[in-house]
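Now for the letters of each chain:
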Amino acid sequence: MKDTGRSVTPPRPAEKRPSVSVWHGRERVDDYQWLRADNWQDVMRTPSALPADIRAYLDAENAYTEAVLKETEALQATLFAELKGRIKQDDSSVPTKDGPWAYGTRYLEGAQHPRVVRVPRDGGEEQVLLDANALAEGKAYFRLGAASHSPDHAWLAWSADDKGSEYFTLRLRDLTTGSDLPDAIPETGGMAWANDGKTLFYVWLDENHRPAKVFRHQVGRPASEDVVVYEERDPGFFIGVGRTQSGRYLVIDVHDHETSEVWLIDADAPLQAPRLVAARETAVEYDVDHGDGCFYIRTNADGAEDFKIVTAPEATPDRAHWRDLVAHVPGRLVISHQILARHLVRLERVEGLPRIIVHTLATGTEAPIAFDEEAYSLGLAGGYEFDTDEIRFTYSSMTTPARVYDYDMATGQRTLRKEQEVPSGHDPARYVTRRIQAPAADGETVPVSLLYLKDTPLDGSAPLLLYGYGAYGITIPAAFSTNALSLVDRGFVYAIAHVRGGKDKGFRWYAQGRRAFKANTFDDFVAAADALIAGRFTSRGRIVAQGGSAGGMLMGAIANRAGDRFGAIVAEVPFVDVLATMLDETLPLTPPEWPEWGNPIADPEAYDRILGYSPYDNVAAQPYPAILALAGLTDPRVTYWEPAKWVARLRATKTDDNLLLLKTNMDAGHGGAAGRFDRLKEVALIQAFALLCVGLAGA
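Scope of this entry: the structure provided in the associated data block. (Residues numbered from 1 in each chain as written. Predicted model: local features only at pLDDT ≥ 70, side-chain atom pairs only at ≥ 80, totals over all residues. Heavy atoms only, no water.)

### Here we look at the overall build of the protein
The condition is simple: Here a strand is any run of E in DSSP of at least two residues, a helix any run of H or I of at least four, and the numbering for each starts at the N terminus. For every residue, the accessible area obtained with a 1.4 Å probe (protein chains only) is divided by the maximum for its type, and the residue is called buried under 20%, exposed over 50%, and partly exposed between those limits. In what follows, a contact means two residues having at least one pair of non-hydrogen atoms within 4.5 Å. Positive charges come from Lys and Arg, negative ones from Asp and Glu, while His and the chain ends are left out of the count. A charge is said to be at NZ when it belongs to Lys, at CZ for Arg, at CG for Asp and at CD for Glu.
In terms of helices and strands, the protein carries 13 helices and 37 strands. Structurally, the protein occupies a C-alpha span of about 70 × 55 × 50 Å along its principal axes. By the burial criterion, 57% of the 699 residues in the protein qualify as buried. For the protein, contacts bridging at least 24 residues in sequence account for 57% of all contacts bridging at least 6. Computing the positive centroid from 75 side-chain charges and the negative centroid from 98, the protein places the two 3 Å apart.

What follows is the structure, encoded as structure tokens:
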């Protein structure tokens, strides 16, 4: 979408202030490093601390974006009304049973945030435990974090972030009085209760926003008395805390992107020191659940690339005592597992499609839960109870709204508990969902999931939105999205490219899209675009590419490598300054990310490899598609200066006059706006940009 003839003048190019560094004998000059605030830690906590010159640059880009997109204001309002109209405003979750109560969430009509509620197990009056709308009142940003009730149902531990920086403040609420204790604990992560209902374990984040310690807190005692029970000294590892399904153990999970280690605390003896299951070993992952005297462990140990499930005695859970229960089968990726009193339930993926397998412990027999659509999404919903024959799962496809089922493992009976309502109406028969295989240059095939109206012409004239991610082994499911319908109903084909870097085709699909093989992710996305063009689903220049975070890196890479395929690119919180970030070990995610990308500080080959694809470093004097980049000022994952620097270099270097827009949310972080309706306004803006770029802004 060209910018010629517009009355809006682009911002002056950002000032160049060369910063020179030398790594492995290679000199690197960065003209826009000054956009990284030296006091970025302060900005995370207090956004007003942002230096004035940086704020002026971001404000100027925001003003330009607003002015350019002003002509789409009516379209944005229409899109927002459509998006909002597809949401059941007074929606609620299916309550999950736990002893005498069933817990869930509920939205009120017009409310941005949920209420945390419970009802008596066998029916009765709903009790509101926490109203996030009241807590958010008067705040520019508010996101409810965890909300965990104590095993005795007397307390609610809850956390919230009011900056977008993901520094959550933890509080304790007395569920008898409804009031919070005065002591608040800042800068926390996850949490888990011991069985006494008085001892709470939580993760604390250090000044570099890394989970560094697990503390033990006693209800009613000041936080200053909290005790460190685990400290992780390797900045490359994350920490989480949780409970086994049996409730017998508290679990401290320590991991990076390829290695894990688990420590256990007796939930009935919370003052005891943590006990190690198996010492960390590079590239060996495992996670632990417990039931009836032994541990059930999902692991890739001993060459089980796509994972297996082993058992281990409670007294001796180390590697020497692991015994196979569910053997490794190449190509069958075991995604997760859950142990209940009489059953082992696992979620797995075969040939790109998920299925649930119910394994009866007494007999070893197995029963699958699967569906017949060509592409779909399936997930296990966690519960609170252990001694039960009932599990809950969710299902949707690109044409089928989300459904929540309860499944009786003893009888095999499925009970539909909830189907996603689309108040403005949705007729699945109007749409087609398909999955094609795009041939890659190295002989692999890339799955691509498609959604379009039955009457959309497949003659190359249709615009197409192509979404991609491709990192950390994360699989993007072919799930139902009400947001996609606004574009599809206007004639778009909506497509998801299941590129390498995810685990869509097993662990090898992930391994072939990281570190030395990262370029496969970019090549796969371009191969998907080419296949869609060849198949007449769209044509060259009619594709709008979209990705966020690590998927935003994908957007930057394909803009440099194959921009001619695309009419526009939407990069949400894009990880585009890869080399500089991986060279800055003070940043929150840098050491934990080295297993994914490589460590350019220690490894010259990793330096050269990352330099070869880092989007910011490879901006060239060439044409680029229209680009919309979205950032969050307090984002701790992809810092605001990455998209800011990228746009600054693009604006100074590219040879075309296509639109280049940067919008920084000055009140939010990685996830954008927290309120459900505020987030839809962001979606409406993105879709208006996409429609503008393919000439359908009047549709």
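### Describing the side chain of Gln546
Note on placement: Gln546 falls in strand E34 (residues 543-548). If sequence neighbours within four positions are ignored, Gln546 has contacts with Leu465, Leu466, Tyr467, Gly468, Met555, Val570, Glu572 and Ile686.

### Section: the pattern of salt bridges
Applied cut-off: By definition, a salt bridge exists where a carboxyl oxygen of Asp or Glu is found within 4 Å of a side-chain nitrogen of Lys or Arg.
Evaluated as defined, the whole model comprises 55 salt bridges. Notably, a salt bridge pairs Asp53 with Arg17, separated by 3.1 Å at the nearest N-O pair. Remark: Arg17 occurs in the segment before strand E1 (19-23) and Asp53 occurs in helix H2 (residues 52-68); sequence separation between them is 36 residues. For Arg17, a relative accessible area of 31% gives the class partly exposed. Here Arg679 ties to Glu572 by a salt bridge, and the two come within 3.2 Å at their closest N and O atoms. With Arg679 in helix H13 (residues 676-693) and Glu572 in strand E35 (residues 566-572), this pair connects stretches of sequence that are 107 residues apart. Note on Arg679: relative accessible area 26%, which makes it partly exposed. Each of Arg28, Asp30, Asp577, Asp617 and Lys645 takes part in a single network of salt bridges with overlapping partners.

### Points about the sheet that holds strand E27 (residues 390-396)
Going by this rule: We call two strands paired when DSSP finds no fewer than two bridges between them. Here an angle of 0 to 180 degrees is reported between the N-to-C directions of two axes, which are lines fitted to C-alpha atoms, with helices fitted over the stretch in contact.
Read across the sheet, four strands follow the order E26-E27-E28-E29 without closing on themselves; strand pairing throughout is antiparallel. The sheet is open, and its two borders are formed by strand E26 (377-381) and strand E29 (414-419), each paired with just one other strand. Between one strand and the next, the sheet's axes are offset by a mean angle of 25°, whatever the strand orientation. Both strand E28 (residues 403-408) and E29 contribute to a ladder of five bridges, which runs antiparallel. Bridged to Tyr405 within E29 is Leu416.

### Examining the packing of helix H7 (residues 519-534) against helix H8 (residues 550-562)
Our working definition: Here the word oblique covers every angle except those under 35 degrees (roughly parallel), over 145 (roughly antiparallel) and from 65 to 115 (roughly perpendicular). If you view the pair so one helix is near and one far, a crossing is left-handed when the near helix is turned anticlockwise from the far one by less than a right angle, and right-handed when it is turned clockwise. Any residue outside Ala, Val, Leu, Ile, Met, Phe, Trp, Tyr, Cys, Pro, Asp, Glu, Lys and Arg is labelled polar, Gly included; the first ten of those are nonpolar and the last four are charged.
Remark: H7 packs on H8, axes separated minimally by 10 Å, with the N-to-C direction vectors making an angle of 70°. Taken together, the axes of H7 and H8 are roughly perpendicular relative to one another. Relative to H8, the crossing made by H7 is right-handed. Taking contact as the criterion, the partners of Ala519, Thr521, Phe522, Asp523, Phe525 and Val526 in H7 are, on H8, Met553, Leu554, Met555, Ala557, Ile558, Arg561 and Ala562. For the contact of H7 with H8, the residue count by class is ten nonpolar, one polar and two charged.

### So, the sheet that holds strand E33 (residues 493-497)
Read from one edge to the other, the open sheet built from eight strands follows the order E30-E31-E33-E32-E34-E35-E36-E37, with strand pairing classed as mixed. If you trace the sheet from one side to the other, it starts and ends with strand E30 (431-439) and strand E37 (660-665), each paired once. On average, adjacent strands in this sheet sit at an angle of 15° to one another, irrespective of strand direction.

### Here's the deal with the nonpolar core
The condition that has to hold: In this description, a nonpolar core means a group of buried Ala, Val, Leu, Ile, Met, Phe, Trp, Tyr and Cys residues linked to one another through side-chain atoms lying within 4.5 Å.
One finds Tyr57, Leu58, Leu466 and Phe525 to be the most contacted residues of the largest nonpolar core, which totals 97 residues. Excluding residues within four positions of it along the chain, Tyr57 makes contact with Ala14, Trp34, Leu35, Ala644, Val647, Ala648 and Leu662. Listed in part, the 45 residues of the second largest apolar core include Leu79, Leu451, Leu453 and Ala626.

### A few points about helix H3 (residues 73-85)
Convention followed: By this rule, a helix spans an expected 1.5 Å times one less than how many residues it contains. By arc we mean the arc of the directions from the helix axis to the C-beta atoms, nothing more.
Under the 1.5 Å per step criterion, the end-to-end length of H3 is 18 Å for 13 residues, consistent within 8% with the ideal 18 Å. What H3 keeps buried is the set Leu75, Gln76, Leu79, Phe80 and Leu83. Projected down its long axis, H3 carries its buried residues within an arc of 135°, all on one side.

### Details of the packing of aromatic side chains
As a reminder, the rule being used: When two rings of Phe, Tyr or Trp (its six-membered ring) have centres within 6.5 Å they constitute a pair, described as stacked for plane angles under 30 degrees, edge-to-face for angles over 60, and tilted for the intermediate range. The rule is short: NZ of Lys or CZ of Arg within 6 Å of the ring centre and within 35 degrees of the ring normal puts a charge over the ring.
What the rule picks out here adds up to 20 aromatic pairs. Look at Phe507 and Tyr510: their rings are 5.5 Å apart centre to centre, the planes differ by 85°, and that puts the pair in the edge-to-face class. Residue Phe507 and its partner Tyr510 are both found in helix H6 (residues 507-511); the two are separated by three residues, about one turn of the helix. Judged by its relative accessible area of 2%, Tyr510 is buried. In textbook terms, an aromatic cluster arises when at least three aromatic residues are bridged by ring pairs, as seen for Phe371, Tyr376, Phe393, Tyr395 and Tyr405. A cation over a ring is seen here: Arg514 above Tyr510, with NZ or CZ 4.6 Å from the ring centre. The residue whose ring lies beneath Arg649 is Tyr616, and the NZ or CZ to ring-centre distance is 4.0 Å.

### Structural notes on the packing of H3 against H13
For any two helices packed against each other, one specifies the inter-axial angle together with the distance between the axes. Orientation of H3 relative to H13, taken along the N-to-C sense of each, is 130°, at an axis distance of 8 Å. Viewed along their axes, H3 and H13 adopt a mutual orientation that is oblique. For the pair H3 and H13, the crossing hand works out as right-handed. Taken together, the residues of H13 that come into contact with H3 (itself represented by Leu75, Gln76, Leu79, Phe80, Leu83 and Lys84) are Phe677, Leu680, Lys681, Val683, Ala684, Leu685, Gln687, Ala688 and Leu691. Partitioning the contact of H3 with H13 into residue classes produces eleven nonpolar, two polar and two charged.

### Things to note about the side chain of Asn665
Our working definition: Definition of a polar contact: a pair of N or O atoms within 3.5 Å, with one able to donate and the other able to accept a hydrogen when the atoms are protein atoms, and with sequence-neighbouring residues admitted only if both atoms are side-chain atoms.
Its place among the elements puts Asn665 in strand E37. A polar contact of 2.9 Å, which involves the side chain of Asn665, links it to the backbone nitrogen of Asp667.

### Remarks on the environment of Ser21
Tracing the sequence through the fold places Ser21 in strand E1. Given the relative accessible area of 24%, Ser21 is considered partly exposed. Within the local environment of Ser21, its side chain forms a polar contact with the side chain of Trp23, the two groups lying 3.2 Å apart.

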